[in-house]
Amino acid sequence: MAEYILTAEDYYNGLRENKLMGLKCKSCGAVTCPPMKVCDTCGSEDLEVVQLSGKGTLRTFTVSRVPPEGFEAPYCPCIVETDEGPWVPGRLNVDADAATQDLIGKRVTATHYVLPADKYSAGEMVSALWSLEE
Ligand SMILES: [Zn+2]
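Rules behind the numbers
Each chain carries its own residue numbering, running from 1 in the written order of its sequence. The predicted nature of this model means local features are confined to residues of pLDDT at least 70 and side-chain atom pairs, given and counted, to a pLDDT of 80 or more, with totals for whole chains, interfaces and linings taken over all residues. Heavy atoms from the whole structure form the basis of all side-chain values; hydrogens and water molecules are not counted. Strand pairing is assigned whenever DSSP identifies at least 2 bridges connecting the two strands. In this description a helix means any DSSP run of H or I spanning at least four residues, a strand means any run of E spanning at least two, and both kinds are numbered starting from the N terminus. Each axis is a line fitted through C-alpha atoms, taken for helices only over the stretch in contact, and angles between the N-to-C directions span 0 to 180 degrees. Here a residue-residue contact requires only that any non-hydrogen atoms of the pair lie within 4.5 Å. Throughout, nonpolar core names a set of buried Ala, Val, Leu, Ile, Met, Phe, Trp, Tyr and Cys residues whose side chains join them through atoms within 4.5 Å. A 1.4 Å probe rolled over the protein chains alone gives each residue an accessible area, and that area as a share of the maximum for its type sets the label: buried under 20%, exposed over 50%, partly exposed in between. Start and end points for every domain follow an automatic or database-based domain assignment. Metal-coordinating donors are taken as N, O and S atoms lying within 2.8 Å of the metal, or within 3.2 Å when the metal is Na, K or Ca; because water is left out, some sites can appear incomplete. Only four donors with every angle between 85 and 135 degrees are called tetrahedral; only four or six donors with opposite donors over 155 degrees apart and all others between 65 and 115 are called square planar or octahedral, in that order; all others are irregular. Here the buried area means the combined drop in accessible surface, using a 1.4 Å probe, for two parts upon being joined, counting both sides. Criterion for a salt bridge: a side-chain nitrogen of Lys or Arg within 4 Å of a carboxyl oxygen of Asp or Glu. Nitrogen and oxygen atoms within 3.5 Å of one another constitute a polar contact, given that in protein one can donate a hydrogen and the other can accept it, and given that sequence-neighbouring residues count only through two side-chain atoms.

### Points about the sheet that holds strand β7 (residues 107–115)
Think of a sheet as strands paired side by side through backbone hydrogen bonds, with each pair either parallel or antiparallel. The 5 strands lie next to each other as β4-β5-β6-β8-β7, forming a closed barrel whose pairing is mixed. Shown here is a sheet whose adjacent strand axes are inclined to one another by a mean of 55°, direction ignored. The pairing of strand β4 (residues 55–61) with β7 spans 3 bridges and is classified as antiparallel. Within β7, the position partnered with Gly56 by the bridge is Val108. Against the sheet, helix α1 (residues 8–16) makes contact with β6 (87–92), β7 and β8 (125–132), and its axis sits at roughly 45° relative to β8, the strand it touches most.

### Overview of the nonpolar core
Soluble, globular proteins show a tendency: their nonpolar side chains are buried together. By size, the foremost hydrophobic cluster in this structure holds 20 residues, and its most contacted members are Leu20, Leu58, Phe61, Cys78, Leu92 and Trp130. Put simply, the parts of the chain that give this core at least two residues each are α1, β4, β5 (77–82), β6, β7 and β8. In terms of residue count, β8 provides more of this core than any other element does, 3 residues in total. If you count residues domain by domain, this core takes at least three from each of domain 1 (1–52) and domain 2 (54–134). Excluding residues within four positions of it along the chain, Cys78 makes contact with Leu58, Thr60, Phe61, Val88, Pro89, Gly90, Arg91, Leu92 and Trp130. Core analysis: the next-biggest nonpolar cluster, separate from the first, contains 7 residues, Leu6, Met21, Ala30 and Cys39 among them.

### Let's talk about the sheet that holds strand β3 (residues 47–51)
Strand order in the open sheet formed by 3 strands is β2-β1-β3, with antiparallel pairing between adjacent strands. Bordering the open sheet on either side are β2 (31–32) and β3, each of which pairs with just one other strand. Pairing geometry for strand β1 (residues 21–25) and β2, over 2 bridges, is antiparallel. Paired with Lys24 across the strands is Val31, a residue of β2.

### Description of the coordination of the zinc ion
For the zinc ion, the full set of protein donor atoms is Cys25 (SG), Cys28 (SG), Cys39 (SG) and Cys42 (SG), and the range of their distances to it is 2.3 to 2.4 Å. Because the angles between the 4 donor atoms bound to the zinc ion fall within 105 to 115°, the donor set is best described as tetrahedral. In primary-sequence terms, the residues that donate to the zinc ion follow C-x2-C-x10-C-x2-C. One end of the pair, Cys28, is in the loop between β1 and β2; the other, Cys39, is in the loop between β2 and β3, with 11 residues separating them in the sequence.

### Considerations on the domain arrangement of the chain
What the domain assignment reports for the chain is domain 1 (1–52) and domain 2 (54–134). Averaged C-alpha coordinates put domain 1 and domain 2 at centres separated by 21 Å. Each partner contributes residues to the interface: domain 1 has 10 residues there, and domain 2 has 15 residues. Taken together, both faces of the contact between domain 1 and domain 2 bury some 1,100 Å²; the carbon and sulfur share is 65%. At the junction of domain 1 with domain 2, the criterion picks out 1 salt bridge. Across the pair Arg16 and Glu124 runs a salt bridge, and its minimum N-O distance is 3.0 Å. On the surface where domain 1 and domain 2 come into contact, there are 4 residue pairs in polar contact (both at pLDDT 80 or more). Every element with two or more residues in the side of domain 1 that touches domain 2 is listed here: α1 and β2. With 4 residues, α1 is the largest single contributor of residues to the side of domain 1 that touches domain 2.

Laid out in structure tokens, this is it:
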């Protein structure tokens, strides 16, 4: 039975220090992020914890103007293809009112943001915040 060598808590604690943590497969070399019990590519349980570069390419985003309860709009949920391979969701750190599709394909770097606890969560949540590279 596989065990989590990188738990969700480990992952979020890494993000709080602006470290994007993942798992590298010793069988196929692929990187899995966010963490899972097995390699996202080949299913192997033979994994090691690695720190990703925190850099990648913006693949898609949208502007959310009608937020879930407790969120402030507008904001930009996005998906980034990291340089190590995994596609990692988060929030895009741009002016949502000025964002256009021209941003897709731009280079981005991860830090993090914190969402306060609400009545649906067990506590505050941490997620990747992707900012455009200078
Ligand atoms: Zn693998």
